[in-house]
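The chain contents come next:
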Amino acid sequence: EVLNEVQVQDEAQAIGFSTYAGKVTRAENSYETEVQGLSNHHESFIVWGYKNTTTDYVFNAVPVAYQSAAWTYSPTKYWDKAAKTYDFYAAAPNNGVWVLNQRTDAQNDDYFTYSNLELKDETHSSTAYQESFKTLTQNKDLMIASPKQVVQYQILGHEKVKFDFNHILSRLNITVKKDGSLAGEDVVLGAISVNGL
């Protein structure tokens, strides 16, 4: 008796991402509620990912955007089931120039270098900090994700890579008061500088 043979082929599984983030921002002044998605803070992030060794990149500074309630990127990358491990790094937002430091050189969670810093609300056109921050309701923050290692059993289970993002900026408030002896005098503050941070 001959039975029909059914060959079950494992379909290639695309690598997907999910995100978690805490408070709205440490740089912002009034929105201190808890939220759970990076999409509440940023509409994009940038990702690096390599399998097995630090030179076998699958993602090399690939932008990921929030569209239709999901994180998407192009072209689609698929899990290599022969890989023992994957290592992922991510930062948000995907603007300016993020550089992933050499992993062997990273100290004290210093995984990234960021240049061309420009934080402003998208609705404001000014690039000057004092102008762009003057009337904001939700200031932007820089965020980095904890490094994520995915091992083979997770790859076989088709899990999404979950990034836990943390804020890396702090708000700095400076208050200037006149001394009592200057009560009747006009005082002009020429400049403020902060050193040694």
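Residues numbered from 1 in each chain as written. Predicted model: local features only at pLDDT ≥ 70, side-chain atom pairs only at ≥ 80, totals over all residues. Heavy atoms only, no water.

Q: So what exactly am I meant to see when it comes to the packing of aromatic side chains here?
A: The relative placement of two aromatic rings is captured by the distance of their centres and the angle of their planes. Overall, the coordinates contain 21 aromatic pairs when judged by the stated rule. A ring pair is formed by Phe 17 and Phe 45, whose centres lie 6.0 Å apart and whose planes are at 85°; its orientation type is edge-to-face. Placement of Phe 17 in strand β1 (residues 17-21) and of Phe 45 in strand β2 (residues 44-51) is noted, with a sequence separation of 28 residues between them. Pair check on accessibility: Phe 17 and Phe 45 agree, each one buried. The interplanar angle of 85° and the centroid separation of 6.1 Å between the aromatic rings of Trp 79 and Phe 88 together place this pair among those described as edge-to-face. An aromatic cluster is defined as three or more aromatic residues linked by ring pairs; in this entry it consists of Phe 17, Phe 45, Phe 59, Tyr 66, Trp 71, Tyr 73, Trp 79, Tyr 86, Phe 88, Phe 163 and Phe 165. (Phe/Tyr/Trp six-rings, centres within 6.5 Å; stacked < 30°, edge-to-face > 60°. Helix = DSSP H or I, 4+ residues; strand = E, 2+ residues; numbered from the N terminus. Buried < 20%, exposed > 50% of the residue type's maximum accessible area, 1.4 Å probe, protein only.)

Q: Which parts of the structure should I look at to understand the confidence of the model for the protein?
A: In low-pLDDT regions, the fine details of the predicted coordinates are not to be read closely. For the protein, the mean per-residue pLDDT works out to 76, and 69% of the residues sit at or above 70. Scored below 50 in pLDDT, residues 27-33 makes 19 contacts in the model with residues more than four places away or belonging to other chains. When the criterion is pLDDT under 50, residues 121-139 qualifies, and its contacts beyond four places in sequence or with other chains add up to 26 contacts. (pLDDT = per-residue confidence, 0-100. Contact = heavy atoms within 4.5 Å.)

Q: What exactly am I supposed to notice about the nonpolar core here?
A: Taken as a class, soluble globular proteins show a tendency for nonpolar side chains to be buried jointly. The biggest cluster of nonpolar side chains holds 25 residues, and the ones touching the most others in it are Ile 15, Phe 17, Phe 45, Val 47, Phe 88, Phe 163 and Phe 165. Counting residues per element, the ones that place at least two in this core are β1, β2, β3 (57-67), β5 (85-92), β8 (143-145) and β10 (161-167). Those residues in contact with Phe 17 that sit more than four places away from it in its chain are Phe 45, Val 47, Phe 59, Val 64, Trp 71, Tyr 73, Phe 88, Lys 160, Val 161 and Phe 163. Formed by 11 residues, the second largest nonpolar core is a distinct cluster that contains Tyr 50, Ala 91, Tyr 111 and Ile 144. (Core = buried A, V, L, I, M, F, W, Y, C linked by side-chain atoms within 4.5 Å.)

Q: For this particular structure, what's the right way to read the environment of Lys 162?
A: Along the chain, Lys 162 falls in strand β10. Sequence separation between Lys 162 and Val 150 is 12 residues, and the spatial gap between their C-alpha atoms is 9.8 Å. Discounting chain neighbours no more than four positions away, the residues touching Lys 162 are Ser 18, Tyr 20 and Lys 148.

Q: Even after reading the chapter, I still don't get the environment of Ser 18, so can you show me in this structure?
A: Looking at the secondary structure, you find Ser 18 in strand β1. As a C-alpha pair, Ser 18 and Leu 38 span 20 residues in sequence and 8.8 Å in three-dimensional space. Ignoring anything within four residues of it in the chain, the contact list for Ser 18 reads Trp 71, Lys 160, Val 161, Lys 162 and Phe 163.

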